[in-house]
Amino acid sequence: MPSSAVVISLAWAVGIFLRLSTANRRNVRKRMFLQRLMMLVNQSENGHPMSYCKLNHNMPILRLWFNVEAELMQDFRLSRRAMHGLQRLLQRDHDHGWGNQLEVLIYVYWLAHGLSYRVVSHVFNVPKSTIHRIVHIIAQKIWINLKQAISFPQPEELHAVGQGFVQLSGTRAFRNVVGAIDGSHIRIKPPQHHQIDYLNYKGFYSLNMQAICDSNGRFLDIFIGYPGSVHDTRVMKNSSFYKARCYPPSGYILLGDGGYPCLDTPVCLITPYKQPVNGPIQSRFNHYHSKGRSIIERAFGMMKTRWRSTLFRALEVKPTFAPLVIASCAFLHNVCLDHGDMLEPDEDVAQDTFEPQPQREPLAYNESSGNATRDRLAALVSGNAEM
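Rules used in this analysis
Sequence order sets the numbering: in each chain, residues are counted from 1 along the sequence as written. Local features in this predicted model are restricted to residues of pLDDT 70 or higher, and side-chain atom pairs are both shown and tallied only at a pLDDT of 80 or more, whereas totals for entire chains, interfaces and linings draw on every residue. The side-chain figures draw on all heavy atoms in the structure; neither hydrogens nor water molecules are used. Per the convention used, a helix needs a DSSP run of H or I reaching at least four residues, while a strand needs a run of E reaching at least two, with both numbered from the N terminus. A 1.4 Å probe rolled over the protein chains alone gives each residue an accessible area, and that area as a share of the maximum for its type sets the label: buried under 20%, exposed over 50%, partly exposed in between. Accessibility throughout is a Shrake-Rupley quantity obtained with a 1.4 Å probe, and a residue counts as covered only by protein chains that appear here. In this analysis the probe radius is 1.4 Å and the grid spacing 1 Å, with only protein atoms considered; a cavity is a set of points the probe fits into but cannot get out of, a pocket is an open set with protein on both sides within 12 Å along at least five of seven lines, and lining residues have an atom within 4 Å of a point. Grid points are joined across faces, edges and corners, and a volume is the space filled by probe spheres set on the points. Think of it as three bins: nonpolar holds Ala, Val, Leu, Ile, Met, Phe, Trp, Tyr, Cys and Pro, charged holds Asp, Glu, Lys and Arg, and polar takes everything else, Gly as well. In this description, strands pair whenever DSSP reports at least two bridges between them. Only rings of Phe, Tyr and Trp enter the pairing, Trp through its six-membered ring, and a pair is recorded when the two centres are within 6.5 Å. The plane angle decides the type: under 30 degrees is stacked, over 60 is edge-to-face, the rest tilted. Residues are treated as being in contact if the distance between any of their heavy atoms lies within 4.5 Å.

Draft legend 1. View of the overall build of the chain. The secondary structure content of the chain amounts to 15 helices and seven strands. Counting the 387 residues in the chain, one finds 49% classified as buried. In the structure as shown, the chain presents an accessible area of about 20000 Å², 54% of it carried by carbon and sulfur atoms.

Draft legend 2. Representation of the layout of surface pockets. Space inside the largest pocket adds up to approximately 340 Å³. Forming the walls of the largest pocket are 14 residues, and the residues nearest its centre are L146, K147, D221, I222 and S240. When contributions to the lining of the largest pocket are tallied by element, the ones reaching two or more residues are β3 (219-227) and α10 (240-244). Counting residues per element, the lining of the largest pocket draws most heavily on β3, which supplies five residues. Here the residues of the lining of the largest pocket are counted per class, giving 10 nonpolar, two polar and two charged. Each pocket or cavity is described by its volume, and for the second largest pocket that value is around 280 Å³. If you go around the second largest pocket, you meet 18 residues; those closest to its centre are W110, L115, Y117, E316 and V317. For the lining of the second largest pocket, the elements supplying multiple residues, two or more each, are α5 (100-113), α7 (128-144) and α12 (308-311).

Draft legend 3. Summary view of the pairing of strand β1 (residues 177-187). With 10 of 11 residues buried, β1 is to be regarded as a mostly interior element. Across two bridges, the pairing between β1 and strand β4 (residues 253-255) is parallel. From the neighbouring strand, V177 faces β4, where its bridge partner is I253. In this structure, β1 lies alongside strand β2 (residues 206-213), joined through eight bridges in antiparallel fashion. Bridging from a neighbouring strand, H185 pairs with N208 of β2.

Draft legend 4. Region of the structure containing the packing of aromatic side chains. Within this structure, the stated rule accounts for nine aromatic pairs. Between the aromatic rings of Y109 and F124, the centroid separation amounts to 5.5 Å while the plane-to-plane angle is 85°, which identifies the pairing as edge-to-face. Within this pair, whereas Y109 is found in helix α5, its partner F124 is found in helix α6 (residues 117-124), the two being separated by 15 residues in sequence. According to the relative accessible area criterion, Y109 is buried, its value standing at 9%. Relative to Y226, the ring of F223 has its centre 5.8 Å away and its plane inclined at 40°; by these criteria the two rings are tilted. Given a relative accessible area of 26%, Y226 falls into the partly exposed group. What links up through ring pairs into an aromatic cluster is the set F76, Y109 and F124.

Draft legend 5. Representation of the side chain of R218 in the model. Considering the arrangement of structural elements, one finds R218 in the loop between β2 and β3. Given a relative accessible area of 19%, R218 falls into the buried group. With residues up to four places along the chain from it excluded, the contact list for R218 reads A149, I212, C213, H333, N334, L337 and D338.

Below, the structure is given as structure tokens:
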């Protein structure tokens with residue numbers, strides 16, 4: 001048996017060794033951090049992007065991307081042309097780290113498949129923590145730059161928008177229609193607290209997405225974030241376009257379903273006549289109104305079809321982050337349309353997009369009825385009044 005003095009000496013020596021080893025590792029990490037910091041500073045001063053990682057180009061998903069002849073739709077739900085357009089919209093002056101190109105690829109792939117961060121990290125051979133960071137960075141960047149793809153038309157473009165609704169509806173009476181408005185419920189996993197606020201009238205938990213689109217199904221404005229229990233009219237009255245009275249301009253019209261009030265002011269929003277209608281004039285108006293207004297349902301259907309793995313089931317993100325993800329899907333919907341990347345709604349998505357109308361709320365004190373405007377339009381549709 002070793003003496004107590006020997007045991008104490010050995011313990012003391014081991015302790016000293018461990019402390020030195022810990023200090024040495026700490027110093028090594030500090031030197032590596034300082035070296036990386038100096039490299040970043042030098043690259044920034046020289047105006048060149050810095051890449052501090054090495055991509056594994058043998059990963060199948062990256063081989064697909066770098067093969068310029070390969071089609072991306074199956075894996076990314078975007079055409080290659082639309083993907084390049086998206087990357088240009090989100091490019092930064094000084095990309096660093098993994099690089100903007102790869103970050104956009106990762107985010108779109110995550111949206112396209114509705115996968116966990118862990119699965120996406122395996123697909124790209126990138127750490128899970130980096131995937132999480134990239135998803136939130138790109139979503140935030142799209143949110144900040146929404147107006148690059150989603151905006152109201154300029155005054156000189158309104159005539160063309162109106163002509164689009166003339167062709168869509170089949171009547172020249174709608175030549176001053178410059179948008180269709182509706183809300184869509186996006187399924188989410190509700191927070192532990194206040195779950196009932198997110199339970200909508202159809203019986204599932206959701207966030208309300210309000211959108212205005214043109215005759216091509218391109219989103220002109222979106223408003224996202226209200227819990228599913230909030231009425232569409234209440235959502236509209238709290239949206240920025242309504243509060244600012246910025247759209248449609250004077251003399252122009254929005255089309256909405258029967259869940260909205262028929263308004264002349266503060267915005268001109270024309271809804272169909274309530275059923276049962278009173279005579280053939282009202283019936284004919286409702287028919288053409290439906291043809292013009294249904295484009296917003298089709299726009300939602302196209303968006304949900306493209307991102308069905310994310311939007312056609314409960315979003316696997318926190319409710320505070322969900323509006324950014326939903327806005328990204330709308331943003332990408334417009335980017336795709338701008339680059340000729342059309343996608344027809346799947347039948348099951350189209351059925352899910354059709355939503356019964358909740359009971360209409362009464363007019364507020366600052367609103368005036370649009371019934372007289374609707375009657376004039378109905379007379380024009382039936383040819384009983386001059387254009």
